[in-house]
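Observations on the three-dimensional arrangement
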Amino acid sequence: MASLVRHVTIDCDDPFALADFWAKVLDGTVGEDDNPGDPEALVRSAGADLLFIKVPDAKSVKNRVHLDIQPQDRSRDEEVERLLALGATVVADLRRPDGTGWVTMADPEGNELCVERSQAERIATGAA
C-alpha cells in the first residue's frame, strides 16, 4: 500500500490565528488542545487537515505549494467575497469573461491559495 497524506503543514508566524482563519474557510475545526500562543495548531476539515507550525522567519517568496479551493455551496465569486470578509486579499484576478478562470488570493500571512469555480459552475459550462 502507498503512503497517505496525513495533513498539509504550513509554516507561519501565528499558528492559532491562521488556523482560525482556515477553519472558517474550510468549515473545519481548530484542535481542542490548540490555544493562542501555541507553537502549532491543527485544522480538521472534510477535505484535508492543515497543520500550522510557528517558524522564526517570515514568508519571503512565492509559495511552492498552494491550496486550490472549490466552493461547495456557493459560486466562485461569492466565495471570493466571503474570503475577503475573513481577511484574505486578492493577489491576481484570472477570471475570464466566459466565466472560467480563478482568483489567486493570500491568507492573512500571505500564503497563496486559488479559488476555483464550484462543481455546479463547471457542470454548467461543460467542464465538469
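Data block above holds the structure.
Residues numbered from 1 in each chain as written. Predicted model: local features only at pLDDT ≥ 70, side-chain atom pairs only at ≥ 80, totals over all residues. Heavy atoms only, no water.

Turning our attention to the overall build of the protein chain. When its secondary structure is counted, the protein chain shows three helices and eight strands. Listing each helix as α and each strand as β along the protein chain from the N terminus yields β-α-β-β-β-β-α-β-β-β-α. Taken over the C-alpha trace, the protein chain has a radius of gyration of 15 Å; the compact-globule value for 128 residues is 14 Å, and the two agree within 12%. Seen through its C-alpha atoms, the protein chain measures out along the principal axes to roughly 45 × 35 × 25 Å. The burial tally for the protein chain puts 34% of its 128 residues in the buried class. Of the contacts made within the protein chain by residues no fewer than 6 positions apart, 50% connect residues no fewer than 24 positions apart. For the protein chain, the accessible surface area stands at approximately 8000 Å², while carbon and sulfur atoms represent 52% of it. On the protein chain, the mean spot of the 14 positive side-chain charges and the mean spot of the 25 negative ones are 6 Å from each other. (Helix = DSSP H or I, 4+ residues; strand = E, 2+ residues; numbered from the N terminus. Rg over C-alpha atoms; globule rule 2.2 N^0.38 Å. Buried < 20%, exposed > 50% of the residue type's maximum accessible area, 1.4 Å probe, protein only. Contact = heavy atoms within 4.5 Å. Areas by Shrake-Rupley, 256 points an atom, 1.4 Å probe, with all protein chains shown as cover. Lys, Arg positive; Asp, Glu negative; His and termini not counted. Charge placed at Lys NZ, Arg CZ, Asp CG, Glu CD.)

A positive phi angle is found at D27, which is not glycine, with a value near 55°. When you line up the elements, D27 lands in the loop between α1 (15-26) and β2 (29-30). Using a relative accessible area of 72% as the deciding quantity, one classes D27 as exposed.

Under the defined criterion, the tally for this structure stands at nine salt bridges. Taking the shortest distance from any N to any O, the salt bridge between K54 and D13 comes out at 3.2 Å. Of this pair, K54 sits in strand β4 (residues 50-54) while D13 sits in the loop between β1 (8-12) and α1; the two residues are 41 residues apart in sequence, bridging distant segments of the chain. On the basis of relative accessibility, which here comes to 48%, the residue D13 falls in the partly exposed class. For the salt bridge of R74 with D73, the shortest nitrogen-to-oxygen distance reads 3.3 Å. Taking relative accessible area as the criterion, R74 reaches 27% and is therefore assigned partly exposed. (Salt bridge = Lys/Arg side-chain N within 4 Å of Asp/Glu carboxyl O.)

Tallying each qualifying case throughout the model produces one aromatic pair. Taking the centre distance of 5.6 Å and the plane angle of 90° together, the rings of F21 and W22 count as edge-to-face. W22 sits in the buried class, given a relative accessible area of 2%. (Phe/Tyr/Trp six-rings, centres within 6.5 Å; stacked < 30°, edge-to-face > 60°.)

This part takes up the sheet that holds β4. In space, the four strands of this open sheet follow the order β1-β4-β3-β2, with mixed pairing throughout. Looking along the sheet, the strands with just one partner apiece sit at the ends: β1 and β2. With two bridges joining them, β2 and strand β3 (residues 40-44) adopt antiparallel strand pairing. Looking at β3, one finds that V30 is bridged to V43. Lying on the sheet, α1 is in contact with β1, β2, β3 and β4; it crosses β4 at an angle near 160°. (Pairing = 2+ DSSP bridges. Axes fitted to C-alpha atoms, helices over the stretch in contact; angles between N-to-C directions.)

If you trace the backbone, T104 turns up in strand β7 (residues 103-106). In terms of polar contacts, T104 uses its side chain to reach the side chain of W102, at 3.5 Å. T104 has contacts with T89, V90, V91, A92, L94, E112, L113 and C114, leaving out every residue within four places of it along the chain. (Polar contact = N/O pair within 3.5 Å; in protein donor to acceptor, adjacent residues only side chain to side chain.)

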